[in-house]
Structures are given as structure tokens and as C-alpha cells.
Amino acid sequence: MQTFSHVVELAAGGAGQPSEDDVLAALAPRFTLGAPGRPRTVRRTWLDTFDWRLHRAGLTLEYLTGPRPAELVLSTAAGDLVSQPAGRLAWPALAEDLPPGPVTAVIAPLAGIRALLAAARATSAVQDLRVLNADTKTVAWIRADRTTVDHPAAAQLPARLQVTAVRGYQLQAQRIGEVLAAAAGLNGHPGRPLDAALAAAGQRPEAYSNKISVQLGPGMAARGALQAVLLQLLDTLEANVPGTIRDIDTEFLHDLRVSVRRTRSVLKLAGDALPASLTARFRAEFKWLGDLTTPTRDLDVYLLNYDEMAGALVSGTPAELEPFHAHLARRRGIEQRSLTRGLRSARFSRLAREWRGALTGLTVPRAGERAADLATRRLRGAHRRVLRQGGAISADSPAEQLHDLRKRCKELRYLLEIFASLFDPQAYQRALKDLKGLQDCLGEFQDRQVQQEELREFAGQMMGDRDVPATALLAMGELAGGLGRAQRRARDEFAERFGEFASPASDRRFQELTSSAGTSGGRTGTTGGSARRSANGRAGDAGE
Amino acid sequence: MKILATYNIKGGVGKTSTAVNLSYLAAQDGLRVLLWDLDPQAAASYLFRIRPRVKGGGKALIKGSREIDDSIKGTDFADLDLLPADFTYRNLDLVLGATKKPTRRIARLLAPLSDQYDVIFLDCPPGISLLSESVLQAADSLLVPLIPTVLSLRTLDQLTEFISGFNGQRPAVLAFFSMIDARKNLHREIAERLPAERDDVAVATIPALSQIERMSVERAPVAAFAPHSRAAQSYQALWAEVRARAL
Ligand SMILES: Nc1ncnc2c1ncn2[C@@H]1O[C@H](COP(=O)(O)OP(=O)(O)OP(=O)(O)O)[C@@H](O)[C@H]1O
Ligand SMILES: [Mg+2]
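All names here are of chain B. Close to ligand 1 lie 16 residues, the nearest being Lys15, Thr16, Ser17, Pro207 and Leu209. Within the backbone of Gly12, an N or O atom sits 2.9 Å from an oxygen atom of ligand 1. Between ligand 1 and the protein, one listed contact pairs an oxygen atom with a backbone N or O atom of Thr16 at 2.8 Å. Notes on ligand 1: free accessible area 620 Å², of which the protein chains cover 77%. Counting residues per element, the shell around ligand 1 draws most heavily on helix H1 (residues 15–28), at three residues. Considering only residue class, the shell around ligand 1 consists of eight nonpolar, five polar and three charged.

Printed below as a string of C-alpha cells:
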């Protein structure tokens, strides 16, 4: 059911503020109110993904339970409402596991593989009032809603009056909304209740993003810039630890890994912008952390692609492949437990603690290199290396050479993302697109190879189990064949993809990018100036 | 989607009272219901407190130049909407006469509503006209209120004969006795005998009751303002029979 509603928020009743009754009295004489319905107590859970995909799309999702059947209600800032019956649900939950309906249809594609989490919880006293015209006909409903937030912090939200038109009486409902808003002394749209609920706990929505959003200034000292980036990467890493341990969805681990890899790239490429003693000490620890996360992630990738792989079988059937799925799920359980142990270990907490200490304790020299100069120098070097190594690859070069090139591309990619805020945004997007085309091809080539090798290993492990039907192994053989063909296709495409990346046009775009970083020239900027976090960071996304 | 029309050539026999109460009871049963008040006198619209006005008048509606959707009003009851009457409906025969297939017109107008409603009730003015013919052709069933007199049966037979002349879809006819006066022996006798004898006469009957007359004061279905009254129970029984036979 889709309806339109008009929401009026009452100022938190202080002296001189109009009360709810005052506001409703303004409807006379044109409208009167019917006898009020019995008040209901409704439990309200606001839901969003960890990375606020619904909030970013301007949507608010609520799960309401109480004396009436439970429902999911989705609303836009403009007042459009969609609802669907929901039954008993527990959170976190994946959108694809929700009962089908108009709400699920909108949120499932937005949330994707990210779980819906309770962002806030509240208890509301809800009362419905009829608004009658001169014929004592109901033309609209007013829902009065007094909400007490109890999670993440206790807070009383301003009372809200929500006007919903009876079909065919939209104009009257609009008028009613305007009269109430005028009487409440408020103009403009009220804020979102979820935002207010979070604000009471000192939180704000959309605070988490897996993008690097530190705003660097070209005149900043290089060390100060790296310090700011590394601190944000550490924040992101730590933010994903609880969700990874609770195994809420696969993307906590994914984002955690991306932070680790970005950190490792900075440590590797920093040169003398960071003290050598510092990089030497932490490079090994971050390698340990990265390796700790790899087995679970590899299995996640398999499981995320499983349905597609099973669906593509031609000779075997999904049912025959089922023992493989069971094996993957069992292995993942084992790996997830050892990952959890690692993340709860003294070694990990020491790493996080000492790394933060080392970063915050860094002294930023007044004289050293500036961020823009470091960025340009490093980017040019990384770009040169990609061109050199890629140019040396011919049709019969060994696979290792392509794997090496993939690493160089990743280094270039991370440099771009880390320093994104120094460049012209359009030049940045163009250069990123050029690189992505090549990366996708190299990624496909290596990932399919790794997956074939893993598949052989899984088959070996499964042979060790008793009672593995031969049909399961045959179906896995067919999967391996498919992976082999996909890998071959990627290899065949490589020359073309690299040719595009190495083309004069792409090269020119790269030059435009590096020269857009406000290097040297008249403005000296502020050396060692502090980094700001931009609210909507425009850094690249976390490609893996 | 089923289309049910309350119809009788005669006036004042209980067509509107029946359409209003049965549409209310159908919605109470969880069906999505629309009632179209086709009578320019607008009795059904009045009973639901809805002003008898349609954007562009009957002409725009019949010719299809305005969306029916835009003229539908929600009643005070869940799942029950009304397409109001309009004073211009008095000229509907002229408008219909100017269309290509006048007697198929109502059916064509209602077809697109099938994903919104489970049942549509048509409340017709009395008499025989191009409009009533178009309604008879659109309806799946006709609900015909009869005052229990010997003549009323003749009217029913005439109607049945008229319908049998249709080619294509013919509505099922279900008559029922309305406004039975318990003090009149003839009323009681006819109302008891005929349902047993004739398949097209319902067992359920609607007695003459002052609660039903009160509807025009309360401006609501009797089942809404006096749900336990004898009047409400009579309509309830009629609805159960209609539902079983016509839906
Ligand atoms: N069963 C009943 N008992 C008492 N009064 C009734 C009953 N049914 C209808 N009436 C009253 O009789 C009058 C006519 O009823 P109603 O409007 O339902 O008939 P109608 O066939 O639609 O009339 P019209 O031909 O004018 O459209 C109304 O005043 C109504 O309240
Ligand atoms: Mg009538």
C-alpha cells in the first residue's frame, strides 16, 4: 500500500510553545476531530545497513510491532509511505530473507549483501484521530506519535503529527498539514526521527563509509597527510572488527581487509615520508593481520558466487554439487572461528593500540616534503612501473608476470585513492576508470586461477571425507572447467585492455590528473596543516 | 473482480439501501470494494457523506477523457471506496447515445479497475434507459429487490425475459424480498412460499424496519451504526447468500 503523508513536528513543549491541543485546535472551524481512537504502544526499530545504504538513498525503514500485526514501513523525506506485513523478525537480517512485499522490493536491491541492523530502537504511544469536514465525513487521519528512544541512548523525541489523506481528499489533507504546521510555529520539513534518535547518543547517520574521506590540502606536509590517512584507515579497520567477529555479513571482513591492504600500501610506498623504524616495525604485523583474514574471505567469495556457479552447470546439477556447498560451509565455519580467535588475541589488540599510539605520536616536520609533491612523485613512479611491466608481457609470458602486474596496478590504485582529495575530481574519476578496466581483467585472470587451485584442494579434502558421491566431484570438475575457460578469456583480453591503458589518450588523462594536484607554484599553503574529514568523501571505492 | 448491480424498474424498493449495506459488509469481509452511485439523486453518496460531484461531470467520465481513478473517494470505512453521483448523470443517456457501443460502455470503463477492487457495486436509478441497459450488460449479477406483491413477480419475469434477449454475457438474476411488512398476511405468505419455488429468489429477506429508515439520519450503513440490530442481521444474511451465489 502506498500513501502520501504530511508530517508536522511539535516543538519540545517548553514555556510559550504551543501544546498538541493548541495545534489541533487550529483546525476549527473548517475541520473537526472525531473521537480519538484508543492509544497503542508500538515498538519501533529503525533499520539500515552498517554503511547506511538506505539513509544515503533518502529512505527510512522501520519495523513496527505492537497490538496490531507487525509491519515494515518505508518512508521518503517527501512523505511517501510504503508498508507491508512483516510477521516476527529478528535483526540483523538480510533483506533477501525478508517476506516479499512492496517494501522488500525497494530495499533488497539497495541493501544487496549487507545485513539490516537495528540503528535505533524506541517505544511510541500512537493515537489515530479522524479529521472531519462540514459533512462530518472523514477526509484525513492524524496519527499522533510520542516516541521515547531507548537505544542507542535514552531520549524523548518531539511529538509528531502525521496527516494521511483519505483517498480523493488530498487537497484537504494538504490544507490540514499546512494549518497544523503554521499552528506549531514550524516551517520546512521536520528532520528524520532516526537522526534525532542518533543525535541523542552523540551519533550521526552515514558516519561510516569504507571510502577514504580525509580532506588533504596540497600544502600539507606529506607526513601529516599520511598520518591522517593512516588514522582514518585504522578507524575503519576497528569499526569493522565487532561485525566481523559476530559474522553479521561478509562485508565487515571485506572492508576490514581493504583497510589492512591500504595501510600496507602506504607503509610500503611512504619512503622517507614516514620514519623507517616505524614502517619496519608495523609492516610485518599488518602482513600477519592480512594473512589472518584471507582464508575466510576466499570462502566468502566462493559462497557469494555459489548460486551463480551452480546455476551455470550444464552436465552436472545443482543437487549433485550440494556436498561441495556443505564442505564450503563447514570450512568457512572453521576458518571463521580461527579468524575470531585472531581478532580477539592479545597480538591484535596490541597491534591496534600501538599503531594508534605510534601514529598520534608522530612529529610532523615543518620543512619536509609536501603532500602534493609526494603524491605526484609516487603516482608517476607507480604509473611508470605498470607501463614498463605490462609492456614486457607477450602472448606467451608466464602467469606470474601478470600476477606481478596486478600488484603494481593495486599499488597505483591505492595511491590514487589515498591522495584522491588532492586532485581534480573529474580527472580523478577518468584516471580511475582507465585503471579499473585493466585491473578487472588481471583480477579475473588471477582469481579464476586461484579458484581452480582451491577447487583441487577442496576435492582432495572431500575425498578424505567418507561418502562423497562421485557425482559431486564430477560437478566440481565441471566448475573447474568453467573457471579455466573464464581465465583463458581474461588472458586473451589482456593485450587489448593493456593497450587501452597504455594508449596516448589514457596517458594524457593520467598527466592531467597528476598536474591537477596543486603542486608548488605561488601558493605555499600551510605546511603541517591538520586534515579535515569531508562529510561526503569523494575518494575511490574499496575495490578488491 | 465481480460486478454486482442493484436494479429494479421500480423506484423506492430498497436498491440503494441494499447497495450501501452489502458493499459495507463485503468490505468488512476483507474484500476491496467500490460502489458507483449512478443515480443523479445521489442517495448512496449522501449516505456516505460524500458530496455528489465528479470532475468534468458524467460526460468526461463516460467518454473516458477523465480517469475514473481521480474521482474515486475513500469512505469512512476501510477497503470501501465510492465513485460519487453527479447531477449531470441525468443526461447520461445522451452521452452514452453518442458513444460507439453504448451498452458495452460501463463494462469497458470498469475493466481497468480489476487490479484495485474485488467487487464493484452499481447502484442504478429506477427505470429502463440506455444507462440501465449498459449496467445490465456489465454486471455479473443483478440484485433485484422486490416488494412482495403478485405484480412484483411479473416485473421480475419481464426483466429475465429482457435479459435473455442479450447476446454475449448475461447477468445472473437474484431477486429478494424487501420491505416486508409483518402485519400484512400477503407479504408474509409470498415471502415464505416463493424462495422455495423459484431458484432466482433468495431465501434471505429484508423486513421493513425503522432502523433501515434511520440510515438517512445517521448517514451510514445500518450495519455500521447498529451492528447488532435486526436490520444489520438481515443484510448480513442476504450478503452471505449473495456471496455464496454470486462471487
Ligand atoms: N427494509 C426497509 N425498511 C424500512 N425502510 C426502508 C427499507 N428499505 C428501504 N427503506 C426506505 O425506503 C426508501 C427508499 O429506499 P431506497 O432508497 O433504498 O430505495 P431505492 O430503490 O434505491 O429508491 P430509488 O428508486 O428512489 O433509488 C428510503 O427512505 C429507505 O430508507
Ligand atoms: Mg436508489
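Residue and element names in this part refer to chain A. Domains assigned within chain A are domain 1 (5–200), domain 2 (220–366) and domain 3 (370–527). If you average the C-alpha positions of domain 2 and of domain 3, the two centres end up 19 Å apart. Taken together, the contact pairs 35 residues of domain 2 with 30 residues of domain 3. Summed over both sides, the interface of domain 2 with domain 3 buries roughly 2,800 Å², with 63% coming from carbon and sulfur. Where domain 2 meets domain 3, there are two salt bridges. Ionic pairing is found between Lys268 and Glu411, a salt bridge with its closest N-O pair at 2.5 Å. Among the elements that take part in the side of domain 2 that touches domain 3, helix H10 (residues 318–343) stands out by supplying eight residues, more than any other. Per-class residue counts for the side of domain 2 that touches domain 3 are 21 nonpolar, six polar and eight charged.

All names here are of chain B. The mixed open sheet is built from eight strands, whose spatial order is E3-E4-E2-E5-E1-E6-E7-E8. Single-partner strands in this sheet number two, and they are strand E3 (73–74) and strand E8 (206–207). Sheet analysis places strand E1 (residues 2–6) next to strand E6 (residues 141–146), joined by three bridges and oriented parallel. Bridging from a neighbouring strand, Ala5 pairs with Leu142 of E6.

Rules used in this analysis
- Residues numbered from 1 in each chain as written.
- Chains lettered and ligands numbered in written order.
- Predicted model: local features only at pLDDT ≥ 70, side-chain atom pairs only at ≥ 80, totals over all residues.
- Heavy atoms only, no water.
- Near = heavy atom within 4 Å.
- Polar contact = N/O pair within 3.5 Å; in protein donor to acceptor, adjacent residues only side chain to side chain.
- Areas by Shrake-Rupley, 256 points an atom, 1.4 Å probe, with all protein chains shown as cover.
- Helix = DSSP H or I, 4+ residues; strand = E, 2+ residues; numbered from the N terminus.
- Nonpolar A, V, L, I, M, F, W, Y, C, P; charged D, E, K, R; others polar.
- Domains from an automatic or database assignment.
- Contact = heavy atoms within 4.5 Å.
- Buried area = accessible area lost by both parts, 1.4 Å probe.
- Salt bridge = Lys/Arg side-chain N within 4 Å of Asp/Glu carboxyl O.
- Pairing = 2+ DSSP bridges.

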